[in-house]
Amino acid sequence: MTLRSLLVDFNSYFASVEQQVEPRLRGKPLGVVPMMADTTVCIAASIEAKQFGVKTGTKVGDAKKMCPGIEFVVARHELYIDFHHRAVSIVDSFVPVRAVLSIDEMDCELTGRWREPERALKIAREVKAGLAAQIGECLRTSVGIGPNTFIAKTASDMVKPDGLVMIQKAELPQRLFDLPVRALSGVGRQMEKRLAQYQIATVRDLAAKSRDELRAIWGGVGGEIMYERIRGEEQHERESETGSISHSSVIGPDHRNPDHAFAVLNRLTQKAAMRLRKANYYAGKLSIGIKYLDGSHWATEMRLVDTQDTVAFLHALDKLWSKRPKDRRTILKVEMAYSDLVAEAQHTGSLFASEEKSKNLYNALDKLNARFGKQAVYFASAHNARDRGGMHIAFNHIPDPETDK
């Protein structure tokens, strides 16, 4: 009985929630967008739209050509969060949810006799039926069952939509041989290119390498972990830690100029600082980026003495923004991130500044914003963008309505 993980993956989650709430959209190609503009991109596509090749990242103008008759709705992130919490509760009533991996994925723990193949399949069917009955028939799921979370995730991706795939340890790694390496969780575009340099294109190629060879290819323990994962070994992974806190925002067609873009970036920087303080972290690096309408991108970063101070972040933002290219490219999107995070317990403080007064001040400001909304108190440099930078969901981050408003 080597089955340990049951992974639930919601198909086309944002679009499916919209179809559940709005019956007129059911069965129709649908794109979820940040705003109504042909130059923006789909942040989600319904199962019907995907059949025409529309997917996350497809420009709205292109989607209209690819899928005549496609409808678009502006994202309602609070709605998706509400459905997410309801779904977690429902799944947990059938099988313990071990970890929420993203807004549309959760890993469940199989123990005892639940690890028997027939019982595991029975639980999976009960989960799917329970979700359909209690949250809605439009929220279809693909469920994967495996000896570790990695294999369960891989299994859930094999049949979409509405799939149910079980992979037992005795079948590994042979069951995965025909998959391209890019189909494996954790293998992105850059790693795919690196593996290609070693003539590794499929899992069959990957499995032919020894543990030491994969360690050398990965440049560290990541290769050993992949060696074990594809063979279904039990994973004792560290509890995930916050690596960064970030925000991004697409600029509306009527405001794609440097002044407004900077105001939006300023607003995002202030909002992320509030999240940073609530999570009890200090940041040692600020990064910003610009995506242009022509598809090009620019980014830069600055190291800091670890801090939570919004004023310090805004001073750094001014310096970073002054380095941007002064050309005529149209700004489509701005993004920022705090990284090199230090937990409160490891923070040593500055030798040259008293943090206690500023900490008390920001505590008061954050409480005001949490109680009265995002525009209650903010630094004036973000005034022109006070209606931008609202709640957005990255798939690996479920926002806190208090700080992500």
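Structure: see above.
Residues numbered from 1 in each chain as written. Predicted model: local features only at pLDDT ≥ 70, side-chain atom pairs only at ≥ 80, totals over all residues. Heavy atoms only, no water.

Outline the sheet that holds strand S5 (residues 97-102), listing residues and values.
Within a beta sheet, neighbouring strands are joined by backbone hydrogen bonds and run either parallel or antiparallel to one another. Overall, mixed pairing links the five strands, which are arranged S5-S6-S1-S7-S8 in an open sheet. Either end of the sheet is taken by a strand with one partner, and the two such strands are S5 and strand S8 (164-166). Each neighbouring strand pair of the sheet contributes to a mean axis angle of 15 degrees, computed without reference to strand direction. With six bridges joining them, strand S1 (residues 5-10) and strand S7 (residues 141-146) adopt antiparallel strand pairing. Across the sheet, Leu7 pairs through a bridge with Gly144, a residue of S7. Strands S1, S5, strand S6 (105-109), S7 and S8 of the sheet are contacted by helix H6 (residues 149-156), whose axis makes an angle of about 140 degrees with S7. (Pairing = 2+ DSSP bridges. Helix = DSSP H or I, 4+ residues; strand = E, 2+ residues; numbered from the N terminus. Axes fitted to C-alpha atoms, helices over the stretch in contact; angles between N-to-C directions. Contact = heavy atoms within 4.5 Å.)

How would you explain the pattern of salt bridges if you had to name every residue and give the values?
If charged atoms from side chains of opposite charge come close, those side chains can pair. Inspection of every chain in the model, using the stated rule, returns 26 salt bridges. Put simply, Asp178 and Arg204 hold a salt bridge, and the shortest N to O gap is 3.5 Å. On the criterion of sequence distance, the pair formed by Asp178 in the loop between S8 and helix H7 (189-196) and Arg204 in helix H8 (residues 203-207) is long-range, its members being 26 residues apart. Here Glu224 and Arg215 are joined by a salt bridge, their closest N and O atoms 2.2 Å apart. Judged by its relative accessible area of 38%, Arg215 falls in the partly exposed class. (Salt bridge = Lys/Arg side-chain N within 4 Å of Asp/Glu carboxyl O. Buried < 20%, exposed > 50% of the residue type's maximum accessible area, 1.4 Å probe, protein only.)

Break down the pairing of strand S2 (residues 30-33) for me, citing the residues and quoting the values.
Side-chain alternation along S2 places Leu30 and Val32 on one buried face and Gly31 and Val33 on a second face that is also buried. Pairing of S2 with strand S4 (residues 71-74) involves four bridges; the strand directions are parallel. Residue Val32 lies in a different strand from S4, and its bridge partner there is Val73. In terms of strand pairing, S2 meets strand S3 (residues 44-45) through two bridges, oriented antiparallel. Across the sheet, Gly31 pairs through a bridge with Ala45, a residue of S3.

How would you summarise the sheet that holds S3 if you had to cite specific residues and measurements?
The strand order across the open sheet formed by three strands is S3-S2-S4, and the pairing between neighbours is mixed. Here the strands that pair on one side only, and so sit at the sheet edges, are S3 and S4.

Any details on the nonpolar core? Residues and values, ideally.
Membership of the largest hydrophobic core comes to 36 residues, with the highest contact counts inside it found for Leu6, Val8, Tyr13, Leu131 and Ile145. Contributing elements (two or more residues each) for this core: S1, helix H1 (13-21), S2, helix H4 (77-92), S6, helix H5 (117-134) and S7. Ranked by size, the runner-up nonpolar core spans 29 residues in total, among them Phe262, Tyr281, Met302 and Tyr338. (Core = buried A, V, L, I, M, F, W, Y, C linked by side-chain atoms within 4.5 Å.)

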